[in-house]
Amino acid sequence: MNLHLQFVLRYLYPKSRQDSFSSNASILAIIGLSIGLFSLILTLSIIKGFENVLDEKLSIIDGKVRVQNILGKPISEPEKLNSLLSDIDMPLEIAPYIRGTAMIRLGGYTDGIIIEGVNKIPDQTYFHLKSYTLGEDEIIIGKALADGMEISIGDQIIIMPLSDPSNHSINQKFNLMKVKGFIDSGMQEYDKTIAYTSIDRARDIFEMDNAISGFTINSSEQVENITKVLNEHIRYPYYYETSRERHRIIFDWIKIQRLPIIIIFSLIALVAVTNIMAAVSMIIREKNSQIGILISLGMKPNDIRKIFYYYGGLIGFLGCVLGSIVSYLFISVQNKYKIITLPEDIYFMDYIPADFDLFVFCSVLVLTLIISILSTVIPSRSIIKQQPRELLVQE
């Protein structure tokens, strides 16, 4: 076994009680580093998990990409745009939609909603339905809206489209529709406003004839790959928008929160690294006589310094292993059993999600290990400045 490593293991696992102080300092340094690393990895995983869950929900409801008129006008000749999108050499699921605002009324309750007409339900994840086909006069509304207006499945509600402000006509069209089911995405702003019906019924409600509002595009491909292809095919007066771009305020808020949170928990890990410096300083002070004897026997000061480099590296490695194992187990248990819950009406999800990012994990481990080794440089420099007789006299 390497001589330097033998000394390090002796400091960690002493054979006598006289050397137990250095061992306890080492163990505390390992525990402190693992706690700091656990906090940092967990924080980064929660931020990543929150962002991914939110992105997934929005992609399911809105579609990964939407293509529409740049002026917000209806697309009067959808066949041309559909033909253009169909020529893309990529497995895309392209579906037309009609979107408009309306008033919903039941008894004494009235509220505003956004109605989206589709050929089929976008995704069945958040829909509470017995069947996933929409009849001519059937509508799906948000669960939060239904609770607020005391609407039950099977109730007949009145839908009145909101006319264009430039249209001064006082004639209003009332539509009697049956509630088929609810959508419960956990995002209150959606669940209070969104409603789905068949595209033919939406065309009749908003009197759009053969026009549509746009196309939703979904695919198993990454959004970056989809937008790269769309850049080559979409031209004025059409444009595309990803779900992240449609809700950029939410994701910008996450980015703003990420930096200060990372700084705070990085400081916790940095405090743990200072514990390594303190432990090395205490061991050097405790082992003065042994260091003096080794120098007297011909061991070079640089070789002695290597002992403490190994010491810092081993503490950093053990702290990284312990912190990463605990953080991985905690993340796995939290994602599976949802131990820590959240109020869904505020955070858009009912539990704290965590995504174990392997790249971030490895980056944090490597950086922590390097800093742990470098933290021993300053304390070990005092060895070169002293003569063997000075070290033995201090003992």
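Keep in mind that this is a model prediction, so the values were computed, not measured. Along each chain, the written sequence defines residue order, and numbers are assigned to residues from 1. Residue-level local features of this predicted model are given only where pLDDT is at least 70; pairs of side-chain atoms are given and counted only at 80 or more, and the full residue set underlies all totals for whole chains, interfaces and linings. Remark: hydrogens and water are excluded; side-chain values derive from all non-hydrogen atoms of the structure.

## Comments concerning the pairing of strand β3 (residues 109–118)
Strands pair, by our definition, only if DSSP identifies at least two bridges between them. To qualify as a helix, a DSSP run of H or I must reach at least 4 residues; to qualify as a strand, a run of E must reach at least 2; elements of each kind are numbered from the N terminus. Bridge count for strand β2 (residues 93–106) against β3 is 10 bridges, and the pairing is antiparallel. Following the sheet pairing, I104 is matched in β3 by D111. Turn length for the β2-β3 hairpin, with the two strands adjacent in sequence and antiparallel, is 2 residues, and the turn residue G107 shows positive phi of about 60°.

## Section: helix α9 (residues 248–286)
For a helix, the expected span equals 1.5 Å multiplied by the number of residues minus one. The end-to-end C-alpha distance of α9 is 57 Å, a good match for the 57 Å that 39 residues give at a rise of 1.5 Å each. The buried label applies to any residue whose accessible area, calculated with a 1.4 Å probe on protein chains only, is under 20% of its type's maximum; exposed applies above 50%, and partly exposed to all values in between. By the burial criterion, the buried members of α9 are F251, I254, A269, A272, V273, I276, A279, V280, I283 and I284.

## Things to note about the side chain of K180
For K180, the location among the structural elements is in strand β7 (residues 175–183). Residue K180 is classed as buried on the basis of its relative accessible area of 16%. Any pair of residues with heavy atoms lying within 4.5 Å of one another is described as a contacting pair. In contact with K180, other than residues within four places in its own chain, are L129, S131, T133, L134, E138, I139, I140 and I153.

## Things to note about the confidence of the model for the chain
Mean pLDDT over the chain: 86, with 92% of residues reaching 70 or higher. The quantity called pLDDT is the predictor's confidence in a given residue, expressed from 0 to 100. Looking over the chain, one finds the lowest element-wise mean pLDDT in helix α15 (residues 388–394), namely 62, and the highest in strand β5 (residues 138–142), namely 95.

## Notes on the packing of aromatic side chains
Each aromatic pair joins two rings of Phe, Tyr and Trp (for Trp, the six-membered one) with centres within 6.5 Å, and gets the label stacked for planes under 30 degrees apart, edge-to-face for over 60, and tilted for any other angle. Here the structure, examined in full by the defined rule, presents 5 aromatic pairs. Aromatic pair Y328 and F356: ring centres 5.0 Å apart, planes at 80°, arrangement edge-to-face. One end of the pair, Y328, is in helix α11 (residues 301–337); the other, F356, is in the loop between α12 (344–347) and α13 (358–374), with 28 residues separating them in the sequence. You can call Y328 partly exposed: its relative accessible area is 44%. The partly exposed category is assigned to F356, whose relative accessible area is 23%. Here a set of aromatic residues connected by ring pairs shows up, and it is made of Y328, F356 and F361.

## Focus: the environment of K287
Tracing the backbone shows K287 in the loop between α9 and α10 (288–296). For the pair formed by K287 and H128, sequence separation is 159 residues and the distance between their alpha carbons is 70 Å.

## What about the pattern of salt bridges?
By definition, a salt bridge exists where a carboxyl oxygen of Asp or Glu is found within 4 Å of a side-chain nitrogen of Lys or Arg. In the structure shown here, the tally under the stated rule is 15 salt bridges. For E51, the salt bridge goes to R244, with nearest N and O atoms at 3.0 Å. Here E51, found in helix α2 (residues 20–62), pairs with R244, found in helix α8 (residues 243–246); they are 193 residues apart in sequence, far enough to count as distant. Classification of E51 as buried rests on a relative accessible area of 9%. When the shortest N-O distance is used, the salt bridge between R201 and D137 registers 2.7 Å. With R201 in helix α6 (residues 199–205) and D137 in the loop between β4 (127–128) and β5, this pair connects stretches of sequence that are 64 residues apart. On the basis of relative accessibility, which here comes to 8%, the residue R201 falls in the buried class. Connected through shared salt-bridge partners, D62, R66, R99, E116, E241 and R246 make up one network.

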